[in-house]
Amino acid sequence: MPQKSYPRGYSENTNGKRAPGRPRSEQARLSILRSTLEVLAETGFSGLTIEEVAARAGVGKATVYRWWPHKGALIADAFASSTTSKLRFPDTGSLAKDMSRQMRQLVKVFSSPRGRIVAAILAAGQSDREVIAAFRERFLKPRRQEAYATLRRGMLRGELRTGIDPDVLLDSLYGPIYMRFLIQHDRLTPQFVDKLCALVLTSARPARNKIRSRTKR
């Protein structure tokens, strides 16, 4: 009887079923994301092609398009996947510390070679709606959801005013970071993040009871 052959990474247990392990489709997806970052480092945003990424990952173009409809979505996903673990929000019991630490990490990412990917995505997104939409959906939205949860914890601890608009608050915290990153009129530093957090979050604290300036006669 001829011996069975199995794809690489597969094995068979006593019931004739494939042993548990990472699905090959997930291996292919991760390989594509790694290859995307490699090609980006060599060619930049404009020079990257789906064909080159597929060839380097050892898959067909159809496999790439199965998960990503266009180059912008692929690049946005590759960037997001490479920074997710770095940009998670901590839970220290202090809103100011949680926000400051996460924002410091974002500044660190923007100051690294990954920052060039963000700059390229944002530049391309000015003329290509699909690119900026992919960046919002695949990178910004997941971070935003984590930020909402962080703000809710702060509100429950009494560190934020009840009813404060979370989107306005987050835009006030992160808008200046993106401005310095894109305009480069000043440096992005941890000290800048700490001052920014102190300024914005202080103004968002619950109002204290007014102290009467005069006593009753």
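Conventions used here
Residues numbered from 1 in each chain as written. Predicted model: local features only at pLDDT ≥ 70, side-chain atom pairs only at ≥ 80, totals over all residues. Heavy atoms only, no water. Core = buried A, V, L, I, M, F, W, Y, C linked by side-chain atoms within 4.5 Å. Buried < 20%, exposed > 50% of the residue type's maximum accessible area, 1.4 Å probe, protein only. Helix = DSSP H or I, 4+ residues; strand = E, 2+ residues; numbered from the N terminus. Contact = heavy atoms within 4.5 Å. Axes fitted to C-alpha atoms, helices over the stretch in contact; angles between N-to-C directions. Parallel < 35°, antiparallel > 145°, perpendicular 65-115°, else oblique. Left-handed = near helix turned anticlockwise from the far one by under 90°. Nonpolar A, V, L, I, M, F, W, Y, C, P; charged D, E, K, R; others polar. Salt bridge = Lys/Arg side-chain N within 4 Å of Asp/Glu carboxyl O. Phe/Tyr/Trp six-rings, centres within 6.5 Å; stacked < 30°, edge-to-face > 60°. Expected span 1.5 Å × (residues − 1).

(A) Molecular detail of the nonpolar core. With 59 residues, the main nonpolar core has M99, M103, F110, L169, L173, Y174 and I177 as its most contacted residues. Of all the elements, helix 7 (residues 129–156) adds the most residues to this core, at eight residues. Not counting the four nearest positions on each side in its chain, L173 is found in contact with M99, M103, L196, C197, V200 and L201.

(B) Layout of the packing of helix 7 against helix 8 (residues 166–183). Where helix 7 contacts helix 8, the two axes come as close as 11 Å, and the packing angle between them is 120°. On the basis of the axis angle, helix 7 is oblique to helix 8. Note on packing geometry: the crossing formed by helix 7 with helix 8 is right-handed. Facing helix 7, whose interface residues are F135, F139, L140, R144, A147, Y148 and L151, helix 8 presents P166, D167, L169, L170, D171 and Y178. Among the residues making up the contact of helix 7 with helix 8, the classes are represented as ten nonpolar, no polar and three charged.

(C) Examining the pattern of salt bridges more closely. Scanning the model with the defined rule gives 15 salt bridges in all. With a shortest N-O distance of 3.2 Å, R138 and D77 are connected by a salt bridge. Note that R138 is positioned in helix 7 and D77 in helix 4 (residues 71–83), a separation of 61 residues in sequence. By relative accessible area, R138 is classed as partly exposed at 24%. A residue is classified by how much of its surface remains accessible, and D77, at 17% relative accessible area, is buried. Notably, a salt bridge pairs D186 with R180, separated by 3.7 Å at the nearest N-O pair. A relative accessible area of 17% means that R180 is categorised as buried. When salt bridges with common partners are traced through the structure, they connect E38, E42, E52 and R56 into a single cluster.

(D) The arrangement of the packing of aromatic side chains in detail. Across all of its chains, the model carries five aromatic pairs by this definition. Centroid distance F110 to Y178: 5.2 Å. Interplanar angle 75°. Geometry classified as edge-to-face. Remark: Y178 occurs in helix 8 and F110 occurs in helix 5 (residues 95–110); sequence separation between them is 68 residues. For the pair F110 and Y178, a shared accessibility class is recorded, and that class is buried. Centroid distance F110 to F181: 4.4 Å. Interplanar angle 25°. Geometry classified as stacked. One end of the pair, F110, is in helix 5; the other, F181, is in helix 8, with 71 residues separating them in the sequence. Taking relative accessible area as the criterion, F181 reaches 11% and is therefore assigned buried.

(E) Highlighting helix 5. With 16 residues, helix 5 extends 22 Å from end C-alpha to end C-alpha; this agrees with the ideal 22 Å at 1.5 Å per step. Along helix 5, the positions that sit buried rather than exposed are L95, D98, M99, S100, Q102, M103, L106, V107, V109 and F110. On the buried face of helix 5, the contacting elements are helix 4, helix 6 (114–125), helix 7, helix 8 and helix 9 (190–203).

(F) Layout of unusual backbone geometry. We note that Q184 has phi near 60°; this positive angle belongs to a residue other than glycine. Within the secondary structure layout, Q184 lies in the loop between helix 8 and helix 9. Judged by relative accessible area, Q184 falls into the exposed class, the value being 63%.

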